[in-house]
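# Architecture at a glance
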Amino acid sequence: MMDARRVWIATRLAIAVPVLGLVVAVALAVEPLLAEEGDRCSGQEARLAALDKLDAFAVKPSGSEEVKESANAAECVGDGSADSWLSSSRVYTYGGSQKELIGFYKRELAGLGWGGEGPDPRPGDVRTCFTRRSELGWETLTITFRPGEADATFRTTAEAAVDGAKIGC
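Now for a look at the structure at hand. Since we're looking at a predicted model, the values are computed, not measured. (Residues numbered from 1 in each chain as written. Predicted model: local features only at pLDDT ≥ 70, side-chain atom pairs only at ≥ 80, totals over all residues. Heavy atoms only, no water.)

## Looking at the packing of aromatic side chains
We apply this condition: Between rings of Phe, Tyr and Trp, where Trp is taken as its six-membered ring, a pair exists when centres lie within 6.5 Å; planes separated by under 30 degrees are stacked, by over 60 edge-to-face, and by other angles tilted. In DSSP terms, a helix is any run of H or I states spanning at least four residues, a strand is any run of E spanning at least two, and both are numbered starting from the N terminus. Under the scheme applied here, a residue whose accessible area is under 20% of the maximum for its type counts as buried, over 50% as exposed, and between as partly exposed, the area being computed with a 1.4 Å probe on protein chains only. Two limits define a charge over a ring: the Lys NZ or Arg CZ must be within 6 Å of the ring centre, and within 35 degrees of the ring normal.
What the rule picks out here adds up to 3 aromatic pairs. Both rings, one in Phe104 and one in Tyr105, keep their centres 5.3 Å apart while their planes meet at 80°; by these two values the pair is edge-to-face. On the basis of an interplanar angle of 75° and a centroid distance of 6.1 Å, the ring pair of Tyr105 and Phe154 is categorised as edge-to-face. With a gap of 49 residues between them, Tyr105 in helix H4 (residues 98–110) and Phe154 in strand E7 (residues 154–161) connect regions that are remote in the sequence. Like Phe154, Tyr105 is buried. Three or more aromatic residues joined by ring pairs make a cluster, and in this case those are Tyr92, Phe104, Tyr105 and Phe154. Positioned over the ring face of Phe57 is Arg90, at 4.1 Å from the centre of the ring. The aromatic ring of Trp138 is capped on one face by Lys166, whose charged end is 4.6 Å from the ring centroid.

Right, here's the structure in full:
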């Protein structure tokens, strides 16, 4: 009886040890892949710096002023997962109409390679969007109005996908 029990234990060990080794090998192979996916924001320093100095932030209509300390330094938004993206923004005041402002940006940004995204905004729309492809991937610039404010405050927000893919408006 004792020999049958030893054979049973030896058989189980002969199966368990290679299976355990396989499990450990797979875990070691998959761990780096999961680590890369988990922190998609690392290594984005050059793209963040470029986004923060985007030429579109220097374009603003006459009579507009950047709201003091409104600049949000470029950052990777999200938790570093697949849903993360790069973003930077500025807030401005402007004494003219939204229609004038959109016309200004259409003209000026076209000269910098930006194209309007979607149909022309209708009166009362609070967002308009532009996109372009740069050497670092697609960039999206959104101009968002704050309705109901007398000074026509607006925010320009530049965004880029971590992987350089196009972000819809």
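## Quick look at the pattern of salt bridges
Side chains that differ in charge, positive against negative, can pair when their charged atoms come close. Quick reminder of the rule: Every case where a carboxyl oxygen of Asp or Glu lies within 4 Å of a side-chain nitrogen of Lys or Arg is listed as a salt bridge.
Scanning the entire structure with this criterion turns up 3 salt bridges. Asp55 is the partner of Arg132 in a salt bridge, and the nearest nitrogen-oxygen pair spans 3.0 Å. On the criterion of sequence distance, the pair formed by Arg132 in strand E5 (residues 127–134) and Asp55 in helix H3 (residues 55–58) is long-range, its members being 77 residues apart. Three or more residues joined by partner-sharing salt bridges are found here, namely Asp55, Arg132 and Glu139.

## What about the environment of Leu101?
Here is the rule we go by: Two residues form a contact once any of their heavy atoms are found within 4.5 Å.
Structurally, Leu101 can be placed in helix H4. Sequence separation between Leu101 and Phe154 is 53 residues; the distance between their C-alpha atoms is 9.5 Å. With sequence-adjacent residues up to four places away left out, Leu101 is seen in contact with Pro61, Tyr94, Phe145 and Phe154.

## Regarding empty space enclosed by the protein
Heads up, the rule is: Only protein atoms enter the 1 Å grid used here. Points where a 1.4 Å probe fits but cannot escape make up a cavity, open sets with protein on both sides within 12 Å along at least five of seven lines make up a pocket, and a residue lines them when an atom lies within 4 Å of a point. Grid points are joined across faces, edges and corners, and a volume is the space filled by probe spheres set on the points. Ten residue types, Ala, Val, Leu, Ile, Met, Phe, Trp, Tyr, Cys and Pro, are classed as nonpolar, four, Asp, Glu, Lys and Arg, as charged, and the remainder, Gly among them, as polar.
Inspection of every chain in the model, using the stated rule, returns 1 cavity of 30 Å³ or more. Roughly 60 Å³ of internal volume is contained in the largest cavity. Along its surface, the largest cavity is lined by Arg47, Ala50, Leu51, Leu86, Ser134, Leu136, Gly137, Trp138, Glu139 and Ala160. At the level of elements, helix H2 (45–52) and strand E6 (137–145) are the ones that each hand at least two residues to the lining of the largest cavity. A breakdown of the residues in the lining of the largest cavity according to their chemical character gives 6 nonpolar, 2 polar and 2 charged.

## Section: the side chain of Glu139
Spelled out, the test is: Distance and chemistry together define a polar contact, namely a pair of N or O atoms within 3.5 Å, with one atom able to donate a hydrogen and the other to accept it when in protein, and with adjacent residues in sequence counting only for side-chain atoms on both sides.
Structurally, the position occupied by Glu139 is in strand E6. You can call Glu139 buried: its relative accessible area is 7%. Side-chain polar atoms of Glu139 contact the side chain of Arg132, separated by 2.8 Å. Those residues in contact with Glu139 that lie beyond four places of it in its chain are Leu54, Trp114, Phe130, Thr131, Arg132, Ser134 and Glu159.

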